[in-house]
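# Topology and contacts: notes
Each chain is listed here by its residues.
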Amino acid sequence: MKEKTIKKNELANFVAGLLSDYQVFAPAKEEESLVLKEMQAEGDIDLDIGVGPVNTKKSIKEFFFPQKERFFSYDLTKPGEMEEPVLSDKKRVIFGVRPCDVNSISVFDAIFTSDQYPDPYYIKRRERTTIVAIGCNKPETTCFCVDTGGGPFSADGSDLLLVDLGDEYLVQVLTEKGETLVNGSSGFSEPKSGVLQKRDGIVEEAQKAIKSDIKIKKVKGWLDNNFDAPFWDTVHEKCIGCGTCTYLCPTCHCFDILDETKGEKGERIRIWDSCMYPQFTLHASGGNPRKSGKERMRQRVMHKFKYFVDNNEMVACTGCGRCVKYCPVNLDIREVLKQIQVS
Ligand code: SF4
Ligand code: SF4
């Protein structure tokens with residue numbers, strides 16, 4: 001791994017320089033929220049993001065797995081004819097992604113790039129994307145990435161990782177794609193003496209700031225043996241089934257495929273779905289194996305912290321804290337996991 005530095009006042013030039021070859025998305029304020037927005041010209045994004053507010057409200061999953069995706073359109077008066085969308089080949093850079101969101105891509109890769117069911121839509125978007133992550137000097141109180149296998153400066157999955165050192169960034173060059181970005185730009189220097197030690201101090205401090213202390217292996221051990229435990233009878237009681245937790249979650253990937261029709265014309269689409277909705281498992285017969293909040297909450301926890309681990313050797317949670325922060329009834333998944341941990 002190579003390491004470089006870039007002065008803060010040169011970062012905007014670096015990002016603007018990418019616009020000739022790439023679509024560039026970067027964090028920008030929209031009303032009260034931080035969003036990943038397409039950059040049109042130098043100066044229309046806020047690059048001073050190293051010390052928070054930390055994460056975007058929506059995760060990066062929609063860049064690879066859009067909320068609604070059209071597979072094809074048809075017209076019943078023209079049998080055998082279908083029109084499929086053309087997927088863009090344009091290279092793109094997603095800049096300023098937090099490590100928890102970058103880690104979520106490994107969950108998506110396990111599902112959408114498997115040998116058994118490779119998803120061409122997802123794979124094409126992955127191939128054309130370069131990810132520039134930025135570490136979190138000041139994690140939010142809702143963050144628990146250190147408990148789920150990541151960390152505020154986890155480099156897994158990124159092409160470049162930026163560390164905010166005050167007046168400059170340390171840039172960890174992690175892949176060929178990342179190297180291409182750095183090589184195509186002036187403004188990078190070799191790290192001066194003491195820079196790496198400074199980085200190590202910042203990383204240590206950020207890790208210590210996360211106090212959640214959830215023992216994921218212990219949670220998994222309990223889940224393995226307690227599908228029918230009385231715990232599930234009450235833990236869901238506050239939940240109103242709004243689905244916010246699953247829609248904002250960077251790892252939730254359940255979807256539905258359906259036809260939207262008007263007259264003779266129609267479209268086959270894929271849209272996000274949520275295991276927190278009663279209709280998710282509603283059968284055409286009227287039967288429903290997850291008919292109450294109890295079964296649905298159990299499924300969400302089991303899927304993330306047991307079934308996904310059994311099938312893919314990783315939890316389907318990066319500890320980003322979005323479901324903690326935005327649940328309208330404050331149903332905190334960390335509290336659920338802690339209750340399991342002491343059971
Ligand atoms: S965000 Fe909260 S209330 Fe809404 S479905 Fe999730 S746990 Fe239930
Ligand atoms: S379950 Fe919650 S904390 Fe975990 S990745 Fe999803 S939104 Fe983030």
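Being a predicted model, the structure only gives us computed values, none of them experimental.

Conventions adopted
- Residues numbered from 1 in each chain as written.
- Chains lettered and ligands numbered in written order.
- Predicted model: local features only at pLDDT ≥ 70, side-chain atom pairs only at ≥ 80, totals over all residues.
- Helix = DSSP H or I, 4+ residues; strand = E, 2+ residues; numbered from the N terminus.
- Rg over C-alpha atoms; globule rule 2.2 N^0.38 Å.
- Contact = placed C-beta atoms within 7 Å.
- Domains from an automatic or database assignment.
- Near = placed C-beta within 6 Å.
- Nonpolar A, V, L, I, M, F, W, Y, C, P; charged D, E, K, R; others polar.
- Pairing = 2+ DSSP bridges.
- Core = buried A, V, L, I, M, F, W, Y, C linked by C-beta atoms within 7 Å.
- Buried ≥ 20, exposed ≤ 12 C-beta atoms within 10 Å, placed from the backbone.
- Axes fitted to C-alpha atoms, helices over the stretch in contact; angles between N-to-C directions.
- Parallel < 35°, antiparallel > 145°, perpendicular 65-115°, else oblique.
- Left-handed = near helix turned anticlockwise from the far one by under 90°.

## Description of the overall build of the protein chain
When you go through the protein chain residue by residue, the secondary structure sums to 12 helices and 12 strands. Relative to the 2.2 N^0.38 estimate, which gives 20 Å for 343 residues, the radius of gyration of the protein chain is 22 Å and therefore close to what a compact globule would have. Considering only contacts within the protein chain whose residues lie at least 6 apart along the sequence, 72% involve residues at least 24 apart.

## Side note on the domain arrangement of the protein chain
The domains assigned to the protein chain are domain 1 (2-209) and domain 2 (216-341). Using only C-alpha atoms to locate each centre, domain 1 and domain 2 end up separated by 26 Å. In terms of residue count, the dominant contributor to the side of domain 1 that touches domain 2 is helix H3 (residues 99-112) (9 residues).

## What about the site of ligand 2?
Neighbouring residues of ligand 2: 13 residues in total, closest Cys249, Cys317, Cys320, Arg322 and Cys323. Residue composition of the shell around ligand 2, grouped by class: 7 nonpolar, 4 polar and 2 charged.

## Side note on the sheet that holds strand E8 (residues 160-164)
If you walk across this open sheet you meet the 8 strands as E3-E2-E6-E7-E8-E9-E1-E10, and the pairing is mixed. Of all the strands in the sheet, the pair left with one neighbour each is strand E3 (33-38) and strand E10 (188-189). In the sheet, strand E1 (residues 2-7) pairs with strand E9 (residues 168-173) via 6 bridges, with the strands oriented antiparallel. Note that in E9 the partner of threonine 5 across the bridge is leucine 170.

## A few points about the nonpolar core
Core analysis: the biggest nonpolar cluster contains 68 residues, and Val24, Val93, Ile94, Phe95, Ala133 and Leu162 have the highest contact counts within it. Looking at this core element by element, the count peaks at 6 residues for H3. Both of domain 1 (2-209) and domain 2 (216-341) provide at least three residues apiece to this core. Beyond its immediate sequence surroundings of up to four residues, valine 24 is in contact with Val15, Leu18, Leu19, Met39, Val93 and Phe95.

## A closer look at the site of ligand 1
The local shell around ligand 1 consists of Cys239, Ile240, Gly241, Cys242, Gly243, Thr244, Cys245, Met276, Cys327, Pro328, Val329 and Leu331. Considered class by class, the residues forming the shell around ligand 1 number 9 nonpolar, 3 polar and no charged.

## Looking at the sheet that holds strand E11 (residues 255-262)
Sheets are built from strands paired through backbone hydrogen bonds, the pairs being either parallel or antiparallel. Spatially, the 4 strands line up as an open sheet ordered E5-E4-E12-E11, and their pairing is antiparallel. The sheet terminates laterally at strand E5 (82-83) and E11, the two strands that pair on one side only. Alignment of E11 against strand E12 (residues 265-272), held across 8 bridges, turns out to be antiparallel. Each residue of the ladder has a partner; that of aspartate 256, found in E12, is isoleucine 271.

## Brief notes about the packing of helix H7 (residues 216-225) against helix H10 (residues 293-312)
Two elements in contact, H7 and H10, have axes whose closest approach is 10 Å; the angle formed by their N-to-C orientations is 85 degrees. Regarding the angle of H7 to H10, the classification is roughly perpendicular. In contact with Ile216, Val219, Lys220, Leu223 and Asp224 of H7, H10 contributes Met302, Phe305, Lys306 and Val309. Here the residues of the contact of H7 with H10 are counted per class, giving 6 nonpolar, no polar and 3 charged.

## Details of the packing of H7 against helix H12 (residues 333-341)
Relative orientation and spacing of two packed helices are given, respectively, by the angle between their axes and the distance between those axes. One can describe the packing of H7 onto H12 by two numbers: an axis separation of 9 Å at closest approach and a directional angle of 70 degrees. Of the possible angle classes, the one that applies to H7 and H12 is roughly perpendicular. H12 is crossed by H7, and the crossing has left-handed handedness. The segment H7 lies against H12, with Lys218, Val219 and Trp222 engaging Leu337, Ile340 and Gln341. For the contact of H7 with H12, the per-class residue count stands at 4 nonpolar, 1 polar and 1 charged.

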